[in-house]
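Commentary on secondary and tertiary structure
So you can see what is in the structure, the chains are spelled out below.
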Amino acid sequence: MAAAARHSTLDFLLSATADCNAVLKALQPIFQEQGMTETVHNWEDHGYLVTYIKKNGSFANLRIHPHGLVLVDLQSYSDDMKGREEVDQLLNKVEERMKELFHGNIKRVKRLPAILRGGVIDRYWPTADGRLVEYDIDEVVYDEDSPFQNIKILHSKQFGNILILSGDVNLAESDLAYTQAIMGSGKEDYTGKEVLILGGGDGGILYEIVKLKPKMVTMVEISFDKWPIIHINLSFLLMP
């Protein structure tokens, strides 16, 4: 199985315009000593794009904008400790050299944690408002298509089981407060009443509401067409 790609980034926002040629000359030796082949693209008013390619397939993009933004993107395919250390060392050298070159004229340096792309387990899931969240996923518990949606249950070390419907994060075991809020946070008395749950495929509301001694609970869920899905959903939020 091929190793997943690790995408590392390092950004510099300068307090003044950048001499693109000076930046390139300062950083060239760092990439060249790694045995990387260089290709330079330059535009009169839009700076430089420089690509560096290594024989093992790893590569780096150096984008130098004349208005004062310098971006480094590095993609590698070695996921062992040695490979990660080599990437960190290269980015450390770039950061040190940029600070030497611009002294106190760097407004911000930003290095994000590496993004793992193409891994066996997908850790990255978008929120409804367009943000990207990385979860500490360590296991795919369940993954199947119903006639209406894709159903995934992934296990997180921090949040427990997470229910994902057609790519949207729905609920996690740690979200008991959310379930209780839907039920009225203790303000509603369900004793002896007939209750209808529309949706609720994670089973959290059903699990909590039967504790309150209703007369009958009817649950309607579009994905209850196969028993394995029913079973895994109803057991999804069972708390120890």
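Each remark here, short or long, concerns the structure printed above.
So, here is what we can say about the structure in this document. If you're wondering where the values come from, they're calculated on a predicted model, not measured in any experiment.

1. Looking at the overall build of the chain
Each helix and strand in the chain was counted, giving five helices and 14 strands. Taking 2.2 N^0.38 as the reference for a compact globule, 240 residues should give roughly 18 Å; the C-alpha atoms of the chain span a radius of gyration of 26 Å, well beyond that estimate. In terms of principal-axis extent, the alpha carbons of the chain reach across some 80 × 40 × 30 Å. The centroid of the 25 positive side-chain charges in the chain is displaced by 4 Å from the centroid of its 34 negative side-chain charges.

2. So, the packing of aromatic side chains
This model, assessed by the stated rule, comprises two aromatic pairs. Considering the side-chain rings of tyrosine 135 and phenylalanine 159, the 5.9 Å spacing of their centres and the 75° angle between planes classify their relative orientation as edge-to-face. One end of the pair, tyrosine 135, is in the loop between strand 8 (132-134) and strand 9 (137-145); the other, phenylalanine 159, is in the loop between strand 10 (150-156) and strand 11 (160-165), with 24 residues separating them in the sequence. The partly exposed category is assigned to phenylalanine 159, whose relative accessible area is 28%.

3. Notes on the sheet that holds strand 1 (residues 5-14)
The sheet built from six strands is open, its strands ordered 2-3-4-5-1-6 with antiparallel pairing. In this open sheet, the two edge strands, each paired with only one partner strand, are strand 2 (37-43) and strand 6 (106-117). Neighbour-to-neighbour, the strand axes of the sheet open up by a mean angle of 10°, direction not taken into account. Of the strand pairs in this sheet, strand 1 and strand 5 (residues 69-76) are connected by eight bridges, and their pairing is antiparallel. Note on strand 5: the bridge partner recorded for leucine 13 is leucine 69. Sheet contacts for helix 1 (residues 20-32): strand 2, strand 3 (47-53), strand 4 (59-65) and strand 5; angle to strand 3, the most-contacted strand, approximately 5°.

4. Points about the sheet that holds strand 9
In spatial order, the strands read 9-10-11-12; together these four strands make up an open sheet with antiparallel pairing. Across the chains shown, the open sheet's two edge strands, defined by having one partner strand only, are strand 9 and strand 12 (168-172). The sheet shows a mean angle of 25° between the axes of neighbouring strands, taken without regard to direction.

5. As for the side chain of glutamate 95
Mapped onto the secondary structure, glutamate 95 falls in helix 2 (residues 81-102). Residues within four places of glutamate 95 in sequence aside, it is in contact with Leu10, Phe12, Val109 and Arg111.

6. Focus: the packing of helix 1 against helix 2
Interaxial distance between helix 1 and helix 2 falls to 10 Å at its minimum, and their mutual angle equals 150°. Regarding the angle of helix 1 to helix 2, the classification is roughly antiparallel. Where helix 1 crosses over helix 2, the two elements pack in a sense that is right-handed. When helix 1 is examined against helix 2, the residues Ala22, Val23, Ala26, Leu27, Ile30 and Phe31 are found in contact with a partner set consisting of Leu90, Lys93, Val94, Arg97, Met98, Leu101 and Phe102. Grouping the constituent residues of the contact of helix 1 with helix 2 by class yields eleven nonpolar, no polar and two charged.

7. Comments concerning the nonpolar core
In terms of nonpolar packing, the biggest core is built from 27 residues, with Phe31, Leu62, Val94 and Met98 touching the most fellow members. Counting only elements with at least two residues in this core, the list comes to strand 1, helix 1, strand 3, strand 4, strand 5 and helix 2. The residues contacting leucine 62, other than those within four sequence positions of it, are Leu24, Leu27, Tyr48, Leu49, Val50, Tyr52, Val70, Leu71 and Val72.

8. Things to note about the side chain of glutamine 28
If you trace the backbone, glutamine 28 turns up in helix 1. Under the relative-accessibility criterion, glutamine 28 is labelled buried at 18%. Non-local contacts of glutamine 28, meaning those with residues more than four positions away in its chain, are made with Glu38 and Tyr52.

9. Regarding the pairing of strand 10
Across the seven residues that make up strand 10, a large majority, five, are buried. Where strand 9 meets strand 10, seven bridges bridge the pair, whose relative direction is antiparallel. Following the sheet pairing, aspartate 145 is matched in strand 10 by asparagine 150. One ladder, built from six bridges, connects strand 10 with strand 11; its direction is antiparallel. Note that in strand 11 the partner of histidine 155 across the bridge is asparagine 161. Linking strand 10 back to strand 11 in an antiparallel pair, the connection comprises three residues.

The rules behind these values
The residue numbers shown here count from 1 along each chain, following its written sequence. Where totals are concerned, whole chains, interfaces and linings use all residues; where local detail is concerned, this predicted model gives features only for residues with pLDDT of at least 70, and gives and counts side-chain atom pairs only at 80 or more. Think of the side-chain values as coming from all heavy atoms in the structure, minus any hydrogens and water. Going along the chain from the N terminus, every DSSP run of H or I of four or more residues is numbered as a helix, and every run of E of two or more is numbered as a strand. The quantity called the radius of gyration is restricted to C-alpha atoms. Its globule counterpart is 2.2 Å times the number of residues to the power 0.38. In this charge count, Lys and Arg are treated as positive and Asp and Glu as negative; neither His nor the chain ends contribute. Throughout, a charge is located at the NZ atom of Lys, the CZ atom of Arg, the CG atom of Asp or the CD atom of Glu. For Phe, Tyr and Trp, rings pair up if their centres lie within 6.5 Å, where Trp contributes its six-membered ring, and each pair is then called stacked (planes under 30 degrees apart), edge-to-face (over 60) or tilted (otherwise). Exposure categories follow from relative accessible area, calculated using a 1.4 Å probe and restricted to protein chains: below 20% of the type maximum is buried, above 50% is exposed, and the middle band is partly exposed. Pairing between strands is defined by DSSP: at least two bridges between them are needed. To get an axis, fit a line to the C-alpha atoms, keeping to the stretch in contact for a helix; angles then go from 0 to 180 degrees between the N-to-C directions. Residues are treated as being in contact if the distance between any of their heavy atoms lies within 4.5 Å. An angle counts as roughly parallel when it lies under 35 degrees, as roughly antiparallel when it exceeds 145, as roughly perpendicular when it falls between 65 and 115, and as oblique in every other case. Crossing chirality is assigned from the near helix's rotation relative to the far helix, an anticlockwise turn below a right angle marking it left-handed and a clockwise turn marking it right-handed. Polar here means any residue other than Ala, Val, Leu, Ile, Met, Phe, Trp, Tyr, Cys and Pro, which are nonpolar, and Asp, Glu, Lys and Arg, which are charged; Gly is therefore polar. Among buried residues, the Ala, Val, Leu, Ile, Met, Phe, Trp, Tyr and Cys ones that are joined through side-chain atoms within 4.5 Å form a nonpolar core.

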